[in-house]
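Each chain, letter by letter, is given below.
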Amino acid sequence: MSNFKRVLIVGTGPASIQLAVLLKNNWNSCIGIVGRESVRSAHFFKALKQSQNQVEVDIQNKKHRQMEGNCIIDHVYHGYGAITGQWDTLIFSVTTDAYMEVLKQLSEQLLKQARCIVLISPTFGSNSLVRHYMNTILPNVNVDIISFSTYLGDTRWMNGEPSTQVLTTAVKKKVFIGSSNHASSNVERLCALFERLGIRLEVMSSPIEAETRNISLYVHPPLFMNPFSLNVIFEYSAVRKYVYKMFPEGPITQYLIRDMLAGWKEMTSVIEKLNLNGVNLLKFMTDDNYPVRLESLSRHDIDNFIQLETIHQEYLLYIRYTSLLIDPFSEPDDDGKYFDFSAVPIRQIFVNQEQYWDVPRMPKEDYYRIKIIQGIARFVGSSCPTIDKFIATYEHKITEAAQALKGEKISDAFMVQSFEEDLKMICSEIGNSIGHR
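Remember, predicted model here, so these are calculated numbers, not experimental data.

Cut-offs and rules
- Residues numbered from 1 in each chain as written.
- Predicted model: local features only at pLDDT ≥ 70, side-chain atom pairs only at ≥ 80, totals over all residues.
- Heavy atoms only, no water.
- Phe/Tyr/Trp six-rings, centres within 6.5 Å; stacked < 30°, edge-to-face > 60°.
- Helix = DSSP H or I, 4+ residues; strand = E, 2+ residues; numbered from the N terminus.
- Buried < 20%, exposed > 50% of the residue type's maximum accessible area, 1.4 Å probe, protein only.
- Expected span 1.5 Å × (residues − 1).
- Contact = heavy atoms within 4.5 Å.
- 1 Å grid on protein atoms, 1.4 Å probe; cavity = no way out; pocket = protein on both sides within 12 Å on 5 of 7 lines; lining within 4 Å.
- Points joined across faces, edges and corners; volume = space filled by probe spheres on them.
- Nonpolar A, V, L, I, M, F, W, Y, C, P; charged D, E, K, R; others polar.
- Pairing = 2+ DSSP bridges.
- Axes fitted to C-alpha atoms, helices over the stretch in contact; angles between N-to-C directions.

Caption draft 1: Focus on the packing of aromatic side chains. With the rule as written, the count across this model stands at 16 aromatic pairs. Relative to Phe-247, the ring of Phe-228 has its centre 5.7 Å away and its plane inclined at 70 degrees; by these criteria the two rings are edge-to-face. A residue pair is termed long-range when its members are at least 10 positions apart, and Phe-228 in helix H9 (residues 227-234) and Phe-247 in the loop between H9 and helix H10 (254-273) qualify at 19 residues. We classify Phe-247 as exposed; its relative accessible area is 53%.

Caption draft 2: Representation of unusual backbone geometry in the model. Each neighbour pair has its own omega, and for Phe-247 with Pro-248 the value is 10 degrees, a cis peptide bond. By the secondary structure assignment, Pro-248 is in the loop between H9 and H10. Here Met-362 and Pro-363 are connected by a cis peptide whose omega angle stands at 25 degrees. Its place among the elements puts Pro-363 in helix H14 (residues 361-380). Unlike most non-glycine residues, Gln-52 shows phi in positive territory, near 55 degrees. Tracing the chain through its elements places Gln-52 in the loop between helix H2 (39-50) and strand E3 (54-59). Residue classification places Gln-52 among the exposed residues on the basis of a relative accessible area of 66%.

Caption draft 3: The arrangement of H10 in detail. Its 20 residues give H10 an end-to-end C-alpha distance of 29 Å, which sits within 8% of 28 Å, the value for a rise of 1.5 Å per residue. Among the residues of H10, Leu-256, Ile-257, Asp-259, Met-260, Leu-261, Gly-263, Trp-264, Glu-266, Met-267, Thr-268, Val-270 and Ile-271 are the ones counted as buried. On its buried face, H10 sits against helix H8 (216-224), helix H11 (281-287), helix H13 (310-323), H14 and helix H15 (385-404). Following H10 by one or two positions, Asn-275 adopts a phi angle in the positive range, close to 60 degrees.

Caption draft 4: Structural detail: empty space enclosed by the protein. Inspection of every chain in the model, using the stated rule, returns two cavities of 30 Å³ or more. Quantified by volume, the largest cavity comes out at close to 130 Å³. Lining the largest cavity we find 14 residues, and of these Leu-19, Ile-120, Phe-148, Leu-190 and Phe-194 sit closest to its centre. Those elements that provide at least two residues to the lining of the largest cavity are helix H1 (14-27) and helix H6 (185-196). For the lining of the largest cavity, the residue count by class is 13 nonpolar, one polar and no charged. Top element by residues in the lining of the second largest cavity is H8. It accounts for four residues. Taken together, the residues that form the lining of the second largest cavity break down as 10 nonpolar, one polar and no charged.

Caption draft 5: Molecular detail of the sheet that holds strand E7 (residues 116-119). Pairing is mixed in the open sheet, where eight strands are placed in the order E5-E2-E1-E6-E7-E8-E11-E12. Two strands lie at the open edges of the sheet, namely strand E5 (75-78) and strand E12 (200-203), each paired on one side alone. For this sheet, the mean angle separating the axes of adjacent strands, direction not counted, is 20 degrees. Inspection of the sheet shows strand E11 (residues 174-179) paired to E12 by four bridges, in the parallel sense. From the neighbouring strand, Phe-176 faces E12, where its bridge partner is Glu-202. Of the strands in this sheet, strand E2 (30-35) and E5 touch H2, which is tilted by about 150 degrees from E5. Most of the contacts of H6 go to strand E8 (residues 144-148), to which it runs at about 35 degrees, and overall it touches E7, E8, E11 and E12.

And the structure:
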(Lines give C-alpha, C1' and ligand atoms only; values in the text may rest on other atoms or scores of the structure.)
Protein backbone atom coordinates (compact mmCIF):
# COMPACT_ATOMS: atom_id res chain seq x y z
CA MET A 1 0.00 0.00 0.00
CA SER A 2 1.33 3.43 -0.97
CA ASN A 3 2.07 6.03 1.70
CA PHE A 4 1.74 8.78 -0.90
CA LYS A 5 -2.03 8.60 -1.46
CA ARG A 6 -2.69 11.48 0.92
CA VAL A 7 0.23 13.89 1.27
CA LEU A 8 0.25 16.98 3.48
CA ILE A 9 2.92 19.53 2.49
CA VAL A 10 4.01 21.66 5.45
CA GLY A 11 5.15 25.07 4.24
CA THR A 12 3.91 27.68 1.76
CA GLY A 13 7.10 28.53 -0.12
CA PRO A 14 7.88 28.05 -3.84
CA ALA A 15 9.30 24.53 -3.26
CA SER A 16 5.94 23.42 -1.84
CA ILE A 17 4.21 24.30 -5.12
CA GLN A 18 6.81 22.42 -7.16
CA LEU A 19 6.43 19.35 -4.93
CA ALA A 20 2.63 19.52 -5.09
CA VAL A 21 2.67 19.57 -8.91
CA LEU A 22 5.14 16.66 -9.11
CA LEU A 23 3.20 14.45 -6.67
CA LYS A 24 -0.21 15.24 -8.13
CA ASN A 25 0.82 14.77 -11.77
CA ASN A 26 3.02 11.68 -11.28
CA TRP A 27 1.19 9.81 -8.51
CA ASN A 28 -2.23 11.47 -8.47
CA SER A 29 -1.81 12.04 -4.71
CA CYS A 30 -4.45 13.89 -2.72
CA ILE A 31 -2.50 17.04 -1.77
CA GLY A 32 -2.95 19.28 1.26
CA ILE A 33 -0.92 22.41 2.05
CA VAL A 34 -0.59 24.01 5.48
CA GLY A 35 1.35 27.04 6.62
CA ARG A 36 1.62 29.18 9.72
CA GLU A 37 -0.46 32.32 9.68
CA SER A 38 1.72 35.31 8.82
CA VAL A 39 1.66 38.38 6.60
CA ARG A 40 3.68 36.48 3.98
CA SER A 41 1.48 33.37 3.96
CA ALA A 42 -1.64 35.58 3.87
CA HIS A 43 -0.60 36.73 0.36
CA PHE A 44 -0.18 33.10 -0.71
CA PHE A 45 -3.52 31.98 0.77
CA LYS A 46 -5.31 34.94 -0.85
CA ALA A 47 -3.79 34.14 -4.27
CA LEU A 48 -4.73 30.46 -3.83
CA LYS A 49 -8.33 31.38 -3.08
CA GLN A 50 -8.50 33.63 -6.17
CA SER A 51 -7.15 30.85 -8.41
CA GLN A 52 -9.56 28.31 -6.87
CA ASN A 53 -6.57 26.37 -5.47
CA GLN A 54 -4.81 26.01 -8.83
CA VAL A 55 -1.02 26.31 -8.78
CA GLU A 56 1.44 26.40 -11.67
CA VAL A 57 5.14 25.63 -12.22
CA ASP A 58 7.03 27.13 -15.16
CA ILE A 59 10.61 26.27 -16.12
CA GLN A 60 13.51 28.43 -17.25
CA ASN A 61 15.30 25.67 -19.17
CA LYS A 62 13.49 23.50 -21.74
CA LYS A 63 15.41 20.40 -20.64
CA HIS A 64 13.54 20.53 -17.31
CA ARG A 65 10.13 19.99 -18.96
CA GLN A 66 9.29 17.16 -16.54
CA MET A 67 9.11 19.76 -13.73
CA GLU A 68 6.50 22.05 -15.28
CA GLY A 69 2.76 21.73 -14.98
CA ASN A 70 -0.22 22.77 -12.90
CA CYS A 71 -2.60 21.13 -10.47
CA ILE A 72 -5.38 21.76 -7.99
CA ILE A 73 -4.49 21.67 -4.28
CA ASP A 74 -7.19 19.50 -2.66
CA HIS A 75 -7.04 20.93 0.88
CA VAL A 76 -5.64 24.24 2.18
CA TYR A 77 -5.16 24.89 5.91
CA HIS A 78 -4.53 28.31 7.46
CA GLY A 79 -2.44 27.46 10.52
CA TYR A 80 -1.41 24.08 11.94
CA GLY A 81 -4.40 23.89 14.27
CA ALA A 82 -6.77 23.91 11.28
CA ILE A 83 -5.63 20.55 9.83
CA THR A 84 -8.34 17.91 9.48
CA GLY A 85 -8.45 14.37 8.15
CA GLN A 86 -5.89 11.59 8.04
CA TRP A 87 -2.60 12.05 6.16
CA ASP A 88 -0.29 9.18 5.18
CA THR A 89 2.79 11.35 4.57
CA LEU A 90 3.91 14.73 5.91
CA ILE A 91 6.44 16.60 3.78
CA PHE A 92 8.36 19.27 5.69
CA SER A 93 9.16 22.04 3.22
CA VAL A 94 10.10 24.63 5.87
CA THR A 95 13.47 25.94 7.04
CA THR A 96 15.44 23.42 9.06
CA ASP A 97 15.40 25.57 12.22
CA ALA A 98 11.56 25.46 12.23
CA TYR A 99 11.06 21.67 12.50
CA MET A 100 10.44 21.61 16.26
CA GLU A 101 8.23 24.69 16.17
CA VAL A 102 6.06 22.96 13.55
CA LEU A 103 6.03 19.50 15.18
CA LYS A 104 4.85 20.94 18.50
CA GLN A 105 1.86 22.52 16.76
CA LEU A 106 0.76 19.34 14.98
CA SER A 107 -1.81 17.24 16.84
CA GLU A 108 -0.82 13.85 18.26
CA GLN A 109 -3.70 12.33 16.32
CA LEU A 110 -2.27 13.61 13.04
CA LEU A 111 1.25 12.35 13.88
CA LYS A 112 -0.11 8.99 15.10
CA GLN A 113 -1.78 8.35 11.74
CA ALA A 114 1.22 9.41 9.61
CA ARG A 115 3.28 6.55 8.19
CA CYS A 116 6.02 8.69 6.65
CA ILE A 117 7.69 12.07 7.28
CA VAL A 118 9.90 13.55 4.55
CA LEU A 119 12.43 16.29 5.33
CA ILE A 120 13.13 18.20 2.11
CA SER A 121 15.98 20.51 3.26
CA PRO A 122 17.26 19.15 6.57
CA THR A 123 20.62 19.80 8.20
CA PHE A 124 23.11 17.56 9.96
CA GLY A 125 21.05 15.98 12.79
CA SER A 126 17.53 16.93 11.64
CA ASN A 127 16.36 13.33 11.23
CA SER A 128 17.64 12.52 14.73
CA LEU A 129 15.72 15.51 16.09
CA VAL A 130 12.41 14.53 14.45
CA ARG A 131 12.90 10.85 15.32
CA HIS A 132 13.54 11.65 19.01
CA TYR A 133 10.44 13.84 19.20
CA MET A 134 8.27 11.18 17.53
CA ASN A 135 9.65 8.42 19.81
CA THR A 136 8.95 10.57 22.87
CA ILE A 137 5.30 11.29 22.11
CA LEU A 138 4.51 8.10 20.17
CA PRO A 139 6.93 5.41 21.45
CA ASN A 140 5.19 2.47 19.79
CA VAL A 141 4.45 3.99 16.40
CA ASN A 142 6.89 3.19 13.59
CA VAL A 143 7.16 6.20 11.26
CA ASP A 144 9.52 6.16 8.29
CA ILE A 145 11.48 9.43 8.59
CA ILE A 146 13.29 10.29 5.36
CA SER A 147 16.00 12.93 4.85
CA PHE A 148 17.00 14.38 1.51
CA SER A 149 20.45 15.99 1.35
CA THR A 150 18.89 19.09 -0.15
CA TYR A 151 15.96 20.35 -2.26
CA LEU A 152 15.99 19.08 -5.86
CA GLY A 153 16.76 22.43 -7.49
CA ASP A 154 16.06 26.15 -7.39
CA THR A 155 12.44 27.30 -7.41
CA ARG A 156 11.32 30.89 -6.86
CA TRP A 157 8.15 33.00 -7.00
CA MET A 158 7.36 33.93 -10.59
CA ASN A 159 7.19 37.68 -9.84
CA GLY A 160 9.21 37.81 -6.63
CA GLU A 161 6.12 37.82 -4.38
CA PRO A 162 4.09 34.91 -2.90
CA SER A 163 1.51 33.77 -5.47
CA THR A 164 0.30 30.56 -7.11
CA GLN A 165 2.96 30.65 -9.86
CA VAL A 166 6.59 29.62 -9.45
CA LEU A 167 9.59 29.29 -11.73
CA THR A 168 12.06 26.41 -11.44
CA THR A 169 15.37 27.79 -12.72
CA ALA A 170 17.69 24.87 -11.96
CA VAL A 171 17.44 21.13 -11.26
CA LYS A 172 20.18 19.07 -9.60
CA LYS A 173 21.69 16.08 -11.37
CA LYS A 174 22.03 14.14 -8.12
CA VAL A 175 20.46 14.28 -4.65
CA PHE A 176 21.18 12.00 -1.67
CA ILE A 177 18.54 10.33 0.49
CA GLY A 178 18.47 8.27 3.69
CA SER A 179 15.73 6.70 5.81
CA SER A 180 15.29 5.78 9.47
CA ASN A 181 13.98 2.42 8.14
CA HIS A 182 16.72 0.28 6.60
CA ALA A 183 14.45 -1.21 3.94
CA SER A 184 12.16 1.65 3.02
CA SER A 185 9.60 1.10 0.25
CA ASN A 186 8.97 4.87 0.36
CA VAL A 187 12.58 5.54 -0.61
CA GLU A 188 12.25 3.01 -3.47
CA ARG A 189 9.19 4.87 -4.80
CA LEU A 190 10.94 8.23 -4.51
CA CYS A 191 13.97 6.84 -6.38
CA ALA A 192 11.70 5.73 -9.24
CA LEU A 193 10.02 9.15 -9.34
CA PHE A 194 13.33 11.05 -9.36
CA GLU A 195 14.66 8.79 -12.11
CA ARG A 196 11.65 9.81 -14.20
CA LEU A 197 12.53 13.44 -13.48
CA GLY A 198 16.10 12.90 -14.66
CA ILE A 199 17.60 13.19 -11.17
CA ARG A 200 19.81 10.48 -9.70
CA LEU A 201 18.79 9.72 -6.11
CA GLU A 202 21.68 8.10 -4.25
CA VAL A 203 20.55 6.07 -1.23
CA MET A 204 22.82 6.39 1.82
CA SER A 205 23.12 3.91 4.68
CA SER A 206 21.49 6.33 7.14
CA PRO A 207 19.61 9.64 7.09
CA ILE A 208 22.39 11.49 8.92
CA GLU A 209 24.84 10.41 6.19
CA ALA A 210 22.49 11.88 3.57
CA GLU A 211 22.36 15.08 5.63
CA THR A 212 26.17 15.44 5.41
CA ARG A 213 25.87 15.64 1.59
CA ASN A 214 24.76 19.27 1.57
CA ILE A 215 27.41 21.61 0.16
CA SER A 216 26.02 24.53 2.23
CA LEU A 217 27.37 22.91 5.41
CA TYR A 218 30.91 23.27 4.12
CA VAL A 219 30.90 26.54 2.17
CA HIS A 220 28.31 28.86 3.72
CA PRO A 221 29.98 29.42 7.13
CA PRO A 222 33.31 30.60 5.65
CA LEU A 223 31.58 32.62 2.90
CA PHE A 224 29.16 34.42 5.23
CA MET A 225 30.63 34.31 8.75
CA ASN A 226 33.62 36.51 8.07
CA PRO A 227 34.09 40.25 8.75
CA PHE A 228 33.83 41.25 5.06
CA SER A 229 30.47 39.55 4.39
CA LEU A 230 29.00 40.44 7.78
CA ASN A 231 29.84 44.12 7.31
CA VAL A 232 27.98 44.02 3.98
CA ILE A 233 24.99 42.19 5.52
CA PHE A 234 24.59 44.33 8.65
CA GLU A 235 25.89 47.76 7.61
CA TYR A 236 24.28 49.73 4.78
CA SER A 237 26.49 49.83 1.72
CA ALA A 238 25.58 51.43 -1.61
CA VAL A 239 28.25 49.34 -3.33
CA ARG A 240 27.06 45.84 -4.16
CA LYS A 241 29.27 42.91 -3.14
CA TYR A 242 28.98 39.29 -4.28
CA VAL A 243 29.08 35.98 -2.40
CA TYR A 244 31.30 34.03 -4.84
CA LYS A 245 33.67 36.76 -6.03
CA MET A 246 37.28 37.39 -5.05
CA PHE A 247 38.23 40.29 -2.79
CA PRO A 248 37.46 43.21 -3.09
CA GLU A 249 34.31 42.37 -5.12
CA GLY A 250 33.52 39.57 -2.66
CA PRO A 251 34.87 37.82 0.44
CA ILE A 252 37.12 35.17 -1.14
CA THR A 253 40.76 35.47 -0.11
CA GLN A 254 43.51 32.96 0.65
CA TYR A 255 42.50 33.23 4.33
CA LEU A 256 38.84 32.42 3.64
CA ILE A 257 39.94 29.37 1.61
CA ARG A 258 42.17 28.31 4.52
CA ASP A 259 39.17 28.52 6.89
CA MET A 260 36.93 26.65 4.43
CA LEU A 261 39.41 23.78 4.28
CA ALA A 262 39.91 23.73 8.06
CA GLY A 263 36.13 23.79 8.65
CA TRP A 264 35.66 20.83 6.27
CA LYS A 265 38.36 18.86 8.12
CA GLU A 266 36.65 19.54 11.46
CA MET A 267 33.30 18.43 10.03
CA THR A 268 34.94 15.28 8.64
CA SER A 269 36.32 14.42 12.10
CA VAL A 270 32.82 14.71 13.59
CA ILE A 271 31.32 12.56 10.80
CA GLU A 272 34.00 9.89 11.23
CA LYS A 273 33.38 9.79 15.02
CA LEU A 274 29.83 8.74 14.10
CA ASN A 275 31.30 5.84 12.05
CA LEU A 276 30.19 7.48 8.80
CA ASN A 277 32.07 8.31 5.62
CA GLY A 278 32.98 11.93 5.04
CA VAL A 279 33.13 13.65 1.65
CA ASN A 280 36.03 14.50 -0.64
CA LEU A 281 35.32 18.24 -0.64
CA LEU A 282 36.74 19.06 -4.08
CA LYS A 283 35.12 16.01 -5.70
CA PHE A 284 31.79 16.87 -4.03
CA MET A 285 32.03 20.47 -5.26
CA THR A 286 32.83 19.54 -8.86
CA ASP A 287 31.04 16.22 -9.46
CA ASP A 288 27.90 16.72 -7.37
CA ASN A 289 27.48 20.49 -7.53
CA TYR A 290 29.08 22.78 -10.14
CA PRO A 291 31.65 21.28 -12.53
CA VAL A 292 34.67 23.14 -13.89
CA ARG A 293 36.68 22.40 -17.02
CA LEU A 294 39.37 19.73 -16.74
CA GLU A 295 41.82 22.34 -18.10
CA SER A 296 41.31 24.15 -14.76
CA LEU A 297 41.26 21.15 -12.37
CA SER A 298 42.64 17.76 -13.36
CA ARG A 299 40.73 14.55 -12.68
CA HIS A 300 43.73 13.27 -10.74
CA ASP A 301 43.74 16.27 -8.36
CA ILE A 302 39.97 16.03 -7.84
CA ASP A 303 40.01 12.28 -7.07
CA ASN A 304 43.08 12.42 -4.82
CA PHE A 305 42.22 15.66 -3.00
CA ILE A 306 41.99 14.01 0.44
CA GLN A 307 45.55 12.64 0.24
CA LEU A 308 47.20 15.95 -0.73
CA GLU A 309 49.08 18.30 1.59
CA THR A 310 47.13 21.17 3.14
CA ILE A 311 48.79 23.89 1.03
CA HIS A 312 48.04 21.90 -2.15
CA GLN A 313 44.39 21.46 -1.07
CA GLU A 314 44.05 25.22 -0.42
CA TYR A 315 45.56 25.95 -3.86
CA LEU A 316 43.03 23.65 -5.58
CA LEU A 317 40.05 25.16 -3.72
CA TYR A 318 41.23 28.62 -4.76
CA ILE A 319 41.46 27.48 -8.39
CA ARG A 320 37.96 26.03 -8.12
CA TYR A 321 36.46 29.38 -7.09
CA THR A 322 38.40 31.41 -9.66
CA SER A 323 37.32 28.92 -12.37
CA LEU A 324 33.67 29.61 -11.51
CA LEU A 325 33.85 33.39 -11.65
CA ILE A 326 32.22 32.81 -15.03
CA ASP A 327 30.17 29.80 -16.09
CA PRO A 328 32.89 27.87 -17.94
CA PHE A 329 30.27 25.93 -19.93
CA SER A 330 28.26 28.95 -21.11
CA GLU A 331 28.54 30.40 -24.63
CA PRO A 332 30.56 33.62 -24.85
CA ASP A 333 28.91 36.70 -26.37
CA ASP A 334 30.33 38.70 -29.29
CA ASP A 335 32.77 40.43 -26.92
CA GLY A 336 34.02 37.07 -25.61
CA LYS A 337 32.26 37.49 -22.26
CA TYR A 338 30.87 34.38 -20.51
CA PHE A 339 27.90 34.32 -18.13
CA ASP A 340 28.81 36.07 -14.85
CA PHE A 341 28.21 32.98 -12.73
CA SER A 342 29.61 34.37 -9.47
CA ALA A 343 27.48 37.53 -9.41
CA VAL A 344 25.24 36.43 -6.53
CA PRO A 345 24.69 39.57 -4.41
CA ILE A 346 25.24 39.43 -0.65
CA ARG A 347 21.83 40.36 0.72
CA GLN A 348 21.51 42.93 3.52
CA ILE A 349 19.31 43.05 6.60
CA PHE A 350 15.78 44.14 5.74
CA VAL A 351 12.37 45.01 7.22
CA ASN A 352 10.19 41.89 6.85
CA GLN A 353 6.47 41.80 6.14
CA GLU A 354 5.72 41.81 9.86
CA GLN A 355 7.67 45.13 9.99
CA TYR A 356 10.60 43.72 11.99
CA TRP A 357 14.24 44.08 11.05
CA ASP A 358 15.37 40.64 9.90
CA VAL A 359 18.48 38.80 8.71
CA PRO A 360 18.57 37.16 5.23
CA ARG A 361 18.12 33.37 5.11
CA MET A 362 21.84 33.15 4.41
CA PRO A 363 23.33 33.43 7.07
CA LYS A 364 20.33 33.16 9.46
CA GLU A 365 19.68 29.49 8.60
CA ASP A 366 23.42 28.77 8.51
CA TYR A 367 23.71 29.99 12.11
CA TYR A 368 21.33 27.23 13.24
CA ARG A 369 23.16 24.64 11.11
CA ILE A 370 26.61 25.48 12.43
CA LYS A 371 25.51 25.71 16.09
CA ILE A 372 24.05 22.20 15.76
CA ILE A 373 27.34 20.97 14.25
CA GLN A 374 29.27 22.60 17.09
CA GLY A 375 27.00 20.91 19.65
CA ILE A 376 27.40 17.49 18.02
CA ALA A 377 31.18 18.01 17.89
CA ARG A 378 31.21 18.75 21.64
CA PHE A 379 29.06 15.66 22.27
CA VAL A 380 31.41 13.29 20.40
CA GLY A 381 34.53 14.97 21.83
CA SER A 382 35.80 16.46 18.58
CA SER A 383 37.70 19.76 18.57
CA CYS A 384 36.42 22.43 16.13
CA PRO A 385 38.33 25.74 16.57
CA THR A 386 37.49 27.02 13.06
CA ILE A 387 33.77 26.34 13.52
CA ASP A 388 34.01 28.06 16.94
CA LYS A 389 35.60 31.06 15.19
CA PHE A 390 32.80 31.29 12.59
CA ILE A 391 30.20 31.29 15.37
CA ALA A 392 32.05 33.81 17.57
CA THR A 393 32.46 36.20 14.60
CA TYR A 394 28.77 35.91 13.71
CA GLU A 395 27.48 36.27 17.28
CA HIS A 396 29.66 39.34 17.86
CA LYS A 397 28.16 40.95 14.75
CA ILE A 398 24.49 40.23 15.54
CA THR A 399 24.99 41.54 19.10
CA GLU A 400 26.57 44.71 17.68
CA ALA A 401 23.76 45.08 15.10
CA ALA A 402 21.03 44.60 17.75
CA GLN A 403 22.65 47.38 19.78
CA ALA A 404 22.71 49.66 16.72
CA LEU A 405 18.98 48.99 16.14
CA LYS A 406 18.02 49.55 19.80
CA GLY A 407 14.49 50.93 20.07
CA GLU A 408 13.42 49.45 16.73
CA LYS A 409 11.52 46.20 16.16
CA ILE A 410 13.98 43.39 15.54
CA SER A 411 13.45 39.66 14.96
CA ASP A 412 14.92 36.79 17.00
CA ALA A 413 17.62 36.51 14.32
CA PHE A 414 19.52 39.26 16.16
CA MET A 415 19.73 37.16 19.33
CA VAL A 416 22.56 34.86 20.36
CA GLN A 417 20.93 31.42 20.69
CA SER A 418 22.01 28.04 22.04
CA PHE A 419 19.37 25.80 20.37
CA GLU A 420 19.88 23.71 23.51
CA GLU A 421 16.57 21.85 23.36
CA ASP A 422 17.15 20.68 19.78
CA LEU A 423 20.74 19.69 20.57
CA LYS A 424 19.73 17.59 23.57
CA MET A 425 17.29 15.59 21.45
CA ILE A 426 19.74 15.20 18.55
CA CYS A 427 22.62 14.09 20.78
CA SER A 428 20.38 11.69 22.72
CA GLU A 429 19.40 9.99 19.45
CA ILE A 430 23.01 9.98 18.17
CA GLY A 431 24.15 8.47 21.47
CA ASN A 432 21.61 5.65 21.11
CA SER A 433 22.61 4.92 17.51
CA ILE A 434 26.35 4.86 18.35
CA GLY A 435 25.58 2.54 21.27
CA HIS A 436 23.72 0.11 18.98
CA ARG A 437 26.62 -0.27 16.55
